[in-house]
Amino acid sequence: MKIGVLALQGDFAEHAAMLDSIGVHPVEVRLPADLDGISGLCLPGGESTTMRHLIDRWALRQPLLEFAATGAPIYGTCAGMIILAREIADGDEPVLPLLDVTVRRNAFGRQLDSFEGELPVPLVGDTPVRGVFIRAPVIERVGPGVDVMATLDDGRVVAVRERNIVATAFHPELAGEPRFHRLIATMAAEHDDPGEGSGRRHHPTRRAGSAK
Ligand code: GLN
């Protein structure tokens, strides 16, 4: 299976390396045609203002929205999460308003500019996730269709999922944490072959076939 990584700016190489390490073929996406044949997409961390300009310079906005509309999974980390937000507090217009949340950029201020912490994320497993936050945004409003995947101790929301869109304010790809990319790979496999994984619908047919 191939999963794309938007490779305009930011830590796309780390996302590609993470995908590679879990047995998924990473594809660098720079032009609309690069979206052909991929089953999911990662939007890396970096600088969302620069990423916004490059998305428009390379005419990627509409093709990315069309890719999302197919139901293929998209995973944004940090700046990638800002790109996916429907609203940006006190700031710019949204870029790909696919996630019904309001994010605030650089939400942790100078003293906590960058930090790491352990967070429980039950949706990806029992052991906590090591979160690396770098000038990270926070999610200030979550729409009714959005599942909160992780919060900080003070209750601030830092990971969400809405249907095929997953976003984290932190960077698992910088912490050797593969479980979010595995989740995207699983969602991508289910999107490619909806029968696979829901076993029940397939197995009776197969069993009936092999019994002959
Ligand atoms: N502060 C950056 C922004 O606002 C995001 C930082 C990151 O992706 N690590 O775009």
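This structure is a prediction, so every number in the text was calculated from the model and none was measured.

Draft legend 1. Here's a closer look at the overall build of the protein. Counting its regular elements, the protein contains six helices and twelve strands. Taken against the 2.2 N^0.38 rule, which gives 17 Å for 212 residues, the C-alpha radius of gyration of the protein at 18 Å falls within 12% of a compact globule. For the protein, the spread of C-alpha atoms along the three principal axes comes to 70 × 40 × 35 Å. Within the protein, the fraction of its 212 residues that count as buried is 49%.

Draft legend 2. Region of interest: the side chain of His171. With respect to the helices and strands, His171 occurs in the loop between strand 12 (165–168) and helix 5 (179–192). For His171, a relative accessible area of 4% corresponds to the buried category. Those residues in contact with His171, other than ones at most four positions away along the chain, are Asp11, Gly45, Thr77, Cys78, Val132 and Ile134.

Draft legend 3. View of the side chain of Arg52. Tracing the backbone shows Arg52 in helix 2 (residues 48–57). Within the structure, the side chain of Arg52 is placed 2.7 Å from the backbone oxygen of Glu93, a separation counted as a polar contact. Setting aside anything within four residues of it in sequence, one finds Arg52 in contact with Ile83, Ile88, Asp92, Glu93, Pro94 and Val95.

Draft legend 4. How the structure looks around the packing of aromatic side chains. Tallied over the full model, the rule gives six aromatic pairs. With a centroid separation of 5.4 Å and 55° between ring planes, the pair formed by Phe133 and Phe170 is classed as tilted. Taken together, the residues Phe133 in strand 8 (residues 129–134) and Phe170 in the loop between strand 12 and helix 5 connect sequence positions 37 residues apart. One aromatic cluster in this structure is built from Tyr75, Phe108, Phe115, Phe133, Phe170 and Phe180.

Draft legend 5. Region of the structure containing the environment of Asp34. Along the chain, Asp34 falls in the loop between strand 2 (25–29) and strand 3 (41–43). Overall, the relative accessible area of 24% leaves Asp34 in the partly exposed class. Taking the C-alpha atoms as reference, Asp34 lies 19 Å from Ile165; in sequence the two are 131 residues apart. A polar contact is formed between the side chain of Asp34 and the backbone nitrogen of Leu31, at a distance of 2.8 Å.

Draft legend 6. The arrangement of the layout of surface pockets in detail. Quantified by volume, the largest pocket comes out at close to 200 Å³. Lining the largest pocket are 13 residues; nearest its centre among them are Gly46, Glu47, Cys78, Ile134 and Arg135. Of the residues assigned to the lining of the largest pocket, the class counts are five nonpolar, five polar and three charged.

Draft legend 7. Focus on the pairing of strand 10 (residues 147–151). As defined by bridge partners, strand 10 adjoins strand 11 (residues 157–162) across four bridges and the pair is classed as antiparallel. In the strand pairing of strand 11, Ala150 is matched with Ala159. Hairpin connection of strand 10 to strand 11: five residues between the antiparallel strands, including Gly155 at a positive phi of 95°.

Draft legend 8. A look at the site of the ligand. Close contacts around the ligand come from Gly45, Gly46, Glu47, Ser48, Cys78, Ala79, Ile82, Arg105, Asn106, Ile134, Arg135 and His171, and that covers them all. One of the backbone nitrogen or oxygen atoms of Ser48 is found 2.7 Å away from an oxygen atom of the ligand. Taken by itself the ligand offers 300 Å² of open surface, and the protein chains cover 97% of this. The residue makeup of the shell around the ligand, split by class, is four nonpolar, five polar and three charged.

Draft legend 9. Up close: helix 1 (residues 12–21). Inspection of helix 1 places Phe12, His15, Ala16, Met18 and Leu19 among the buried residues, and these make up the whole buried set. The buried residues of helix 1 occupy an angular sector of 160° when projected down its axis, which confines them to one face. Of the residues in helix 1, the exposed ones pointing more than 90 degrees away from the buried face are Asp20 and Ser21. Following helix 1 by one or two positions, Gly23 has its phi on the positive side, about 85°.

Draft legend 10. Local environment of unusual backbone geometry. With phi around 40°, Arg135 is a residue other than glycine that occupies positive phi space. Despite not being glycine, Arg163 has its phi angle at roughly 45°, a positive value. Along the chain, the position of Arg163 falls in the loop between strand 11 and strand 12. Taking relative accessible area as the criterion, Arg163 reaches 63% and is therefore assigned exposed.

Calculation notes
- Residues numbered from 1 in each chain as written.
- Predicted model: local features only at pLDDT ≥ 70, side-chain atom pairs only at ≥ 80, totals over all residues.
- Heavy atoms only, no water.
- Helix = DSSP H or I, 4+ residues; strand = E, 2+ residues; numbered from the N terminus.
- Rg over C-alpha atoms; globule rule 2.2 N^0.38 Å.
- Buried < 20%, exposed > 50% of the residue type's maximum accessible area, 1.4 Å probe, protein only.
- Contact = heavy atoms within 4.5 Å.
- Polar contact = N/O pair within 3.5 Å; in protein donor to acceptor, adjacent residues only side chain to side chain.
- Phe/Tyr/Trp six-rings, centres within 6.5 Å; stacked < 30°, edge-to-face > 60°.
- 1 Å grid on protein atoms, 1.4 Å probe; cavity = no way out; pocket = protein on both sides within 12 Å on 5 of 7 lines; lining within 4 Å.
- Points joined across faces, edges and corners; volume = space filled by probe spheres on them.
- Nonpolar A, V, L, I, M, F, W, Y, C, P; charged D, E, K, R; others polar.
- Pairing = 2+ DSSP bridges.
- Near = heavy atom within 4 Å.
- Areas by Shrake-Rupley, 256 points an atom, 1.4 Å probe, with all protein chains shown as cover.
- Arc of directions from axis to C-beta.

All quantities given are derived from atomic positions and should not be read as evidence of function.
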